[in-house]
Amino acid sequence: NDLPNDRPYLRGNFGSEVPQLGGIEGIRVFTYYSEYSYSEWEYIPGTGEYLRFQETGDTLNGREEKYAPLLDNVTGLQVHAANVVVLFAYHEFANPYQEDDEVYHIDLTGSGEAYIFRDGIGYPAKWSRLYKDQPLVLTTPAGIPIPLRPGITFYEVIGSNSYASQGDGEWFFHHTTP
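Residue numbers run consecutively from 1 along every chain, following the written order of its sequence. With pLDDT at 70 or above as the cut-off, local features in this predicted model cover only qualifying residues; side-chain atom pairs require 80 or more to be listed or tallied, and sums for whole chains, interfaces and linings still use all residues. Side-chain numbers here rest on the full set of heavy atoms in the structure, without hydrogens or water.

Visitor: Where do I start with the nonpolar core in this structure?
Guide: Side chains that are nonpolar tend, in soluble globular proteins, to be buried together. To form a nonpolar core, buried Ala, Val, Leu, Ile, Met, Phe, Trp, Tyr and Cys residues must be joined to one another through side-chain atoms within 4.5 Å. Each residue is assigned to one of three classes by its accessible area relative to the maximum for its type, calculated with a 1.4 Å probe on protein chains only: buried under 20%, partly exposed between the two thresholds, exposed over 50%. Trp41, Phe117 and Phe173 are the most contacted members of the largest nonpolar core, which has 14 residues in total. For this core, the secondary structure elements donating two or more residues are strand 3 (38-44), strand 7 (83-92), strand 9 (110-118) and strand 14 (170-174). The greatest single-element share of this core, amounting to three residues, is contributed by strand 7. We call two residues in contact when some of their heavy atoms are within 4.5 Å. When neighbours within four sequence positions are excluded, Trp41 is seen to be in contact with Ile27, Arg28, Val29, Tyr50, Leu51, Arg52, Val79, His80, Ala81, Val84, Phe154 and Glu156. Of all hydrophobic cores here, the second largest spans 11 residues; its members include Leu87, Ala89, Ile116 and Leu138. Helix and strand labels come from DSSP, where a helix needs a run of H or I of at least four residues and a strand needs a run of E of at least two; each type is numbered from the N terminus.

Visitor: Could you clarify how one ought to interpret the pattern of salt bridges in this entry?
Guide: Pairing of side chains with opposite charge becomes possible as their charged atoms draw close. When a carboxyl oxygen of Asp or Glu is within 4 Å of a side-chain nitrogen of Lys or Arg, the pair counts as a salt bridge. Evaluation of the coordinates by the stated rule reveals six salt bridges. With its nearest N and O atoms 2.4 Å apart, the salt bridge here joins Arg52 to Glu156. Here Arg52 is found in strand 4 (residues 49-55), whereas its partner Glu156 is found in strand 12 (residues 153-159), with 104 residues between them in sequence. As far as burial versus exposure is concerned, Arg52 and Glu156 are alike and both buried. In this structure, the salt-bridge partner of Arg63 is Asp58, at a minimum N-O distance of 2.3 Å. Residue classification places Asp58 among the partly exposed residues on the basis of a relative accessible area of 22%.

Shown next as structure tokens:
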């Protein structure tokens with residue numbers, strides 16, 4: 001169509017360089033939703049991406065965690081992402097019967113705590129979104145935009161009452177039911 005084939009300008013939260021934001025090593029990111037549902041992301045320096053691993057069994061009665069690569073059913077490749085973002089968002093049950101089934105209605109308008117992982121580093125962050133037809137904005141807690149790497153971004157959404165801990169390059173996120 002006689003259009004230029006130049007590299008597109010990526011606006012918003014995308015960029016190849018992260019300003020000096022004081023991140024903490026984030027080589028492995030674990031998310032625990034329940035004894036039946038947990039996952040891990042592992043950073044691979046050679047590719048600059050995180051690979052996803054999913055549980056293969058429950059952890060009831062003290063059973064150990066067991067993981068296997070999560071494969072994309074279409075491509076057959078392991079699920080991967082340049083950015084992994086963990087959002088803390090308000091969850092609620094629509095009726096008392098959904099509590100037993102853990103069926104949540106999640107509100108992604110307003111703002112909340114977040115963590116961004118890219119390039120093997122974790123950054124404490126804040127997400128905000130005034131209206132449901134707008135994109136999420138990711139900033140430092142002080143309001144400085146945090147650029148994401150171009151590529152796939154995977155969002156993990158956990159309850160606003162959840163908690164995080166970290167050490168030795170590993171981060172742990174534990175979902176708490178509202």
